[in-house]
Structures are given as structure tokens and as C-alpha cells.
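Residue-level structural notes
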Amino acid sequence: MSNAYAVRFARSILENYWDKTLPVNLTDIAEKLGVQVVYDSFSQGIFGSGDDISGTFKYVDGVPTCTVNINHHRNRQRFTLAHELGHFVLEHGEKSDNSQTLYRQNNHTDPVEIEANNFAAELLMPKTAISILIREESFGISELAEWFEVSEQAMYFRLKNLGWL
């Protein structure tokens, strides 16, 4: 697969399941995709200390399940959920992600993680919605981040990747 494919897949999901309100309701989209969303502290079990784990995607009793770390900031939780949904729809298999895989720290270059990040960026911050808000309202990074309920850093990278910066 490619990053362009991941973005097209996210756009297809938005076209079919998004109600065009902001921020994008990821829980509603997950439900429509048949994915269960669970919030957990990851404090016990096979993951050990939970702060490093951002989220997982796995099948629980045959049900696709995205688990998100409840101890992280809400904006980070939203990105994590979108990323884990990317693993599901892009058929990457079961995954466990931490800050390095989600945010490409330490020059992380795993193509599967990059695809999931590109999927997540388009799902959370649709190009069409960003374009409208910039052209018609002239919003800056902070205001856009608030509209989409993402971090300013995530919005900065999104705007940069879309050619707005």
C-alpha cells in the first residue's frame, strides 16, 4: 500500500460516515465500521507500565477493538484512535503503538506506521474542511487545532504537509 492509498481510504470513510461537523466524531465512525472503542490505563497485564502505550488494535472475541490510553491528553487520545482505526481499515493486523510509532520520533520510518499516521491525519483533519476554514475564515494554527480537537503540533504538521505553510 501507499500513503496516497491511506489518504484515499480515509476520504472514502469520511464520505460515507462523516456528518460534516467538527470535530470529526471518531467514536461514531468507529461504531459505523463495527469497531469497538475501549479506554484503558494499560496499567496491568502484558503491557506493563501504561504511560508509554498510546493504543492498540486487536480482535477481542472476534470483534475489532481499538484501545486508547485514558491517561493521555484528549487530543492525543483522538489521534491515537484515528491511528488505530487506520491499522484496522488498512488491514495492518493487530498493533500496539507508543509515542515513537504514533509521532515518528527518533526518525521512525516503518511504512505501516506512516500509513496509519497519514490515514489518521486525513480522518481527523480533512483536507476539504481545513481548506474551507483557512480560505473563508483565515484561521491560524491555534484556532484550527481547537476546531479539530488536535494538538497545535499535529495541526502544524498537517498544514505543512498540505502546503499551507
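This text follows the structure it describes.
I will try to describe carefully the structure that is included in this document. (Residues numbered from 1 in each chain as written. Predicted model: local features only at pLDDT ≥ 70, side-chain atom pairs only at ≥ 80, totals over all residues. Heavy atoms only, no water.)

1. A short note on the overall build of the protein
Helices and strands together make up the secondary structure of the protein, namely eight helices and four strands. Listing each helix as α and each strand as β along the protein from the N terminus yields α-α-β-β-β-α-β-α-α-α-α-α. The burial tally for the protein puts 44% of its 165 residues in the buried class. Working note: accessible area of the protein is about 8,600 Å², and carbon and sulfur atoms make up 47% of it. (Helix = DSSP H or I, 4+ residues; strand = E, 2+ residues; numbered from the N terminus. Buried < 20%, exposed > 50% of the residue type's maximum accessible area, 1.4 Å probe, protein only. Areas by Shrake-Rupley, 256 points an atom, 1.4 Å probe, with all protein chains shown as cover.)

2. Some details on the side chain of S54
Tracing the backbone shows S54 in strand β2 (residues 53-60). At 2.9 Å, the side chain of S54 forms a polar contact with the side chain of R76. (Polar contact = N/O pair within 3.5 Å; in protein donor to acceptor, adjacent residues only side chain to side chain.)

3. Thoughts on the nonpolar core
L85, F119, L123, M125, F148, V150 and M155 are the most contacted members of the largest nonpolar core, which has 37 residues in total. Where this core is concerned, the elements lending two or more residues are α1 (3-17), α2 (26-32), β3 (63-69), α3 (74-89), α5 (111-124), α6 (127-137), α7 (141-148) and α8 (152-161). In terms of residue count, the dominant contributor to this core is α3 (six residues). The residues touching M125, leaving out its near neighbours within four places in the chain, are I130, F148, V150, A154, M155 and R158. (Core = buried A, V, L, I, M, F, W, Y, C linked by side-chain atoms within 4.5 Å. Contact = heavy atoms within 4.5 Å.)

4. Focus: α3
In a regular helix each residue adds 1.5 Å, so 16 residues correspond to 22 Å; α3 covers 23 Å between its end C-alpha atoms and thus fits that length. Across the 16 residues of α3, 13 count as buried, placing the element largely inside the fold. Of the residues trailing α3, E91 is marked for its positive phi of about 55°. (Expected span 1.5 Å × (residues − 1).)

5. A few points about unusual backbone geometry
Here the bond from L22 into P23 is cis, since omega is -5°, no more than 30 degrees from zero. By the secondary structure assignment, P23 is in the loop between α1 and α2. The backbone phi angle of E149 is positive, close to 50°, even though this residue is not glycine. You can see E149 is positioned in the loop between α7 and α8.

6. A look at the packing of aromatic side chains
In the structure shown here, the tally under the stated rule is five aromatic pairs. Ring centres of F57 and Y59 lie 5.3 Å apart, and the angle between their planes is 75°; this geometry places the pair in the edge-to-face category. In this structure F57 comes out as buried when scored by relative accessible area, which is 2%. Note on Y156 and F157: the rings are 5.4 Å apart at their centroids and 75° apart in plane angle, and the pair reads as edge-to-face. Look at Y156 and you get partly exposed, because its relative accessible area is 34%. Pairwise contacts between aromatic rings join F57, Y59 and F88 into one cluster. (Phe/Tyr/Trp six-rings, centres within 6.5 Å; stacked < 30°, edge-to-face > 60°.)

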